[in-house]
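Letter by letter, the chains look like this.
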Amino acid sequence: SAVISQKPSRDICQRGTSLTIQCQVDSQVTMMFWYRQQPGQSLTLIATANQGSEATYESGFVIDKFPISRPNLTFSTLTVSNMSPEDSSIYLCSVVAVLAGGPRLTDTQYFGPGTRLTVL
Amino acid sequence: KNQVEQSPQSLIILEGKNCTLQCNYTVSPFSNLRWYKQDTGRGPVSLTIMTFSENTKSNGRYTATLDADTKQSSLHITASQLSDSASYICVVSRNNAGNMLTFGGGTRLMVKP
């Protein structure tokens, strides 16, 4: 399994500012994902972050708004830029628990505890 | 269009009772179906994962079924406990890479003493 931690766990921010969310995994993973969960809604994939390449964004999400870094196989950051109240959500990091270069397991999708963001 | 629909949206049961949550999907291609439990303020935690050839899988008091022909799945919770109060999310994946998941809206379960 993979243990995922996120920082901060929650934050309250002012409109127009930016927040960077950190995701740390206790093992090396090839693929990391960032999701958003708006109040009362299910999860929506923002982007896939692969180490050594640019993140791949889903429809409706752009790099200028949600820049992502993936400097190594255990860490990623998501920045929510120029925030507005509509960005108030829980942001979750997720990984596929496959060791880099290792065999694929069956039950491999793990989620972090989430970062609860409120924008005023 | 790839969709996952869950029912009921919410459910209240008494502690010790059983319940069954439903999931219908129209996702193609199909790789696997997962049930997650999400406690309030936490990330989802995997309960079961089933591939096309599996029609039932258990994890303690949780038993998931899959009918790939009718594209339906259910999650049965036996002898419910207060700690079962959470949202249960059905997720269908189109691959094993983790970037082609379709999430259901979830069923919010409340177990009362």
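Residues numbered from 1 in each chain as written. Chains lettered and ligands numbered in written order. Predicted model: local features only at pLDDT ≥ 70, side-chain atom pairs only at ≥ 80, totals over all residues. Heavy atoms only, no water.

*Asks:* Could you clarify how one ought to interpret the overall build of chain B in this entry?
*Replies:* Scanning chain B from N- to C-terminus turns up zero helices and 11 strands. In terms of C-alpha radius of gyration, chain B reaches 13 Å, essentially the compact-globule figure of 13 Å for 113 residues. Taking the principal axes of the C-alpha coordinates as reference, chain B spans close to 40 × 25 × 20 Å. Here chain B holds 113 residues, and the buried ones make up 46% of them. Taking the intrachain contacts of chain B between residues at least 6 apart in sequence as the baseline, contacts between residues at least 24 apart amount to 56%. If you sum the accessible surface of chain B, you get close to 5,400 Å²; carbon and sulfur atoms cover 48% of it. In chain B, 11 positive and 7 negative side-chain charges are present, and the distance between their average locations comes to 6 Å. (Helix = DSSP H or I, 4+ residues; strand = E, 2+ residues; numbered from the N terminus. Rg over C-alpha atoms; globule rule 2.2 N^0.38 Å. Buried < 20%, exposed > 50% of the residue type's maximum accessible area, 1.4 Å probe, protein only. Contact = heavy atoms within 4.5 Å. Areas by Shrake-Rupley, 256 points an atom, 1.4 Å probe, with all protein chains shown as cover. Lys, Arg positive; Asp, Glu negative; His and termini not counted. Charge placed at Lys NZ, Arg CZ, Asp CG, Glu CD.)

*Asks:* Explain the confidence of the model for chain B here, please?
*Replies:* Detailed reading of the predicted coordinates is not advisable wherever pLDDT falls low. Scored by pLDDT, chain B comes out at a mean of 92, with 99% of its residues at no less than 70. Mean pLDDT values for the elements of chain B range from 88 in strand β5 (residues 45–51) of chain B up to 98 in strand β8 (residues 72–77) of chain B. (pLDDT = per-residue confidence, 0-100.)

*Asks:* I tried to follow the state of the cysteines on my own but got confused; where do I start?
*Replies:* Formally, a disulfide is one covalent bond, and it connects the sulfur atom of one cysteine to the sulfur atom of another. Counting across every chain of the model gives two disulfides over all chains. One disulfide bridge connects A:C23 with A:C93, the sulfur atoms lying 1.9 Å from each other. Residues A:C23 and A:C93 are joined by a disulfide whose S-S torsion is about -65 degrees; by sign, that bridge is left-handed. Taken together, the residues span a long stretch of sequence, with A:C23 in strand β3 (residues 19–25) and A:C93 in strand β9 (residues 89–96) at a distance of 70 residues. Relative accessible area serves as the criterion here: at 0%, A:C23 is assigned to the buried category. The residue that forms a disulfide with B:C23 is B:C90, at a sulfur-sulfur distance of 2.0 Å. Torsion about the S-S bond of the B:C23 and B:C90 cystine: about -65 degrees, corresponding to left-handed handedness. (Disulfide = S-S within 2.5 Å.)

*Asks:* Quick question: what am I supposed to make of the pattern of salt bridges here?
*Replies:* Between side chains of opposite charge, a pair can form as their charged atoms come close. Residue and element names in this part refer to chain B. Inspection of the entire model under this criterion finds four salt bridges over all chains. D39 is paired through a salt bridge with K37; the nearest N and O atoms lie 4.0 Å apart. Using a relative accessible area of 14% as the deciding quantity, one classes K37 as buried. The salt bridge involving D84 is made with R61; its shortest N-O contact spans 2.8 Å. Here D84, found in the loop between β8 and β9 (86–93), pairs with R61, found in the loop between β6 (56–59) and β7 (62–67); they are 23 residues apart in sequence, far enough to count as distant. R61 sits in the partly exposed class, given a relative accessible area of 23%. (Salt bridge = Lys/Arg side-chain N within 4 Å of Asp/Glu carboxyl O.)

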